[in-house]
Amino acid sequence: MNKMLELKTKLIVFVEKNEIFVKGIAKLILMLCAFILVYLELGFYQRAHFIAVPVALAVICAFVPMGLGTVMFAAYLLLNLYGLGLEVCAVAAVLLLLCFTLYFRFAPGKSHLLVLTPICWMLRVPYFLPVTEGLVRGAGSVVPVLMGTIMFYFLHGLRANTALFTAATKAEPMNKVNAALDLILGNKELWLVVGTFLLTTLVVTAIRRRSIRNAWRVAIYTGMTLQTVTLLIGKLVFGNMTGIVGMIIGSVVALGINIAVEFFLFQLDYSRVERVQFEDDFYYYYVKAVPKVMVRAQEKKVTTFRSEEVNLDVDKTKEKIAKELEIDPNLLK
């Protein structure tokens, strides 16, 4: 355990010393994954369907603020959706505008979640996000997760029903609009997931704020159990059992991710709890202090011996032995 804590400390120190570099690499990886996935899955606009375009945009996003990078990603997404028609592009633009509006209202500074959530859905591991956000930031930060989930289901529906939009004629613009809106409003599974994610985050946040032993661990297990059971019951009610195995595997992976988050951010030593009480003119305070588990990396000390010092020590030792034996020191050479 001490080795793990030392590794944790070293990793935190490394990230703090190289914060700008680490953030730049993280943004590059995140945006590159996002642009490449759009290029591979939603490349409907052939005039911009060149691999150099998403790669170049991802590199640019690594050097600009995350908010601006998210706007660039949204613009690239709309450009590709334009290949399905102006109507589909307009519906997507309204949806993105709603995403950004709610983002600025409830979770400013968390724009990376708008990009990260669809990527996690494509990788089939989105189930850790509600619990993680409830642990680290609170209920408000789940809003970009929910909007990212809605955007993923919308884009997934477009991909699965491409023929429906490409076959429509120019004389039927409203058909495309109605079909695009139905991918959101008529998708029962989408609203099941949105409601479950919101409920999970609220429960996790409430438990995490309680003054109980291992609050984070209790919140993780409770949130993951609630989320998995709710999704299973919802699928049974709707009669849609597809993806059950993938959901269970994804939930197990999410549990491991959240335990790792707890280890790095909230490792407490409950064996050394201290309780303090004091008062002022208006209140009497009861304080419970739980120390964090901190292990300093062992510092290695290297001692260098010079040959002259070694020889001097040997000569002194020989003289001491000769004196004790009452013999000539030259006999020991």
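Look up a bit, the structure's there.
From a predicted model like this one, the values you see are computed outputs, not experimental measurements.

**Thoughts on the packing of aromatic side chains**
Then step 1. Applying the stated rule across the entire model yields 13 aromatic pairs.
Then step 2. Considering the side-chain rings of W121 and Y153, the 5.5 Å spacing of their centres and the 70° angle between planes classify their relative orientation as edge-to-face. Here W121 is found in helix 6 (residues 112-122), whereas its partner Y153 is found in helix 8 (residues 142-160), with 32 residues between them in sequence. Comparing W121 with Y153, the two get one shared label, buried.
Then step 3. Between F152 and Y153 the ring centres are 5.7 Å apart and the planes differ by 80°, which places this aromatic pair in the edge-to-face class.
Then step 4. Its relative accessible area of 8% is what places F152 among the buried residues.
Then step 5. Overall, Y153 belongs to the buried group, its relative accessible area being 9%.
Then step 6. Chaining the aromatic ring pairs together yields one cluster made of W121, Y127, F152, Y153 and F197.

**A look at the layout of surface pockets**
Then step 1. Roughly 890 Å³ of volume is contained in the largest pocket.
Then step 2. If you trace the largest pocket, you find 19 residues lining it, with A26, H112, L116, R137 and V261 closest to the centre.
Then step 3. Among the elements of the structure, helix 1 (2-17), helix 2 (19-41), helix 6, helix 7 (129-136) and helix 13 (244-265) are those that each provide at least two residues to the lining of the largest pocket.
Then step 4. Ranked by the residues each element gives to the lining of the largest pocket, the list is headed by helix 13, at 5 residues.
Then step 5. Counted by class, the lining of the largest pocket contains 14 nonpolar, 2 polar and 3 charged residues.
Then step 6. Size it by volume and the second largest pocket reaches roughly 400 Å³.

**Thoughts on empty space enclosed by the protein**
Then step 1. Going through the model one piece at a time under the given rule, you end up with 1 cavity of 30 Å³ or more.
Then step 2. Each pocket or cavity is described by its volume, and for the largest cavity that value is around 190 Å³.
Then step 3. Lining the largest cavity are 19 residues; nearest its centre among them are F73, L77, L114, P118 and M151.
Then step 4. Secondary-structure elements contributing two or more residues to the lining of the largest cavity are helix 2, helix 4 (66-81), helix 5 (86-106), helix 6 and helix 8.
Then step 5. Here the lining of the largest cavity takes 5 residues from helix 6, the largest share from any one element.
Then step 6. Of the residues that constitute the lining of the largest cavity, the class distribution is 17 nonpolar, 2 polar and no charged.

Cut-offs and rules
- Residues numbered from 1 in each chain as written.
- Predicted model: local features only at pLDDT ≥ 70, side-chain atom pairs only at ≥ 80, totals over all residues.
- Heavy atoms only, no water.
- Phe/Tyr/Trp six-rings, centres within 6.5 Å; stacked < 30°, edge-to-face > 60°.
- Helix = DSSP H or I, 4+ residues; strand = E, 2+ residues; numbered from the N terminus.
- Buried < 20%, exposed > 50% of the residue type's maximum accessible area, 1.4 Å probe, protein only.
- 1 Å grid on protein atoms, 1.4 Å probe; cavity = no way out; pocket = protein on both sides within 12 Å on 5 of 7 lines; lining within 4 Å.
- Points joined across faces, edges and corners; volume = space filled by probe spheres on them.
- Nonpolar A, V, L, I, M, F, W, Y, C, P; charged D, E, K, R; others polar.

Structural measurements only, silent on function.
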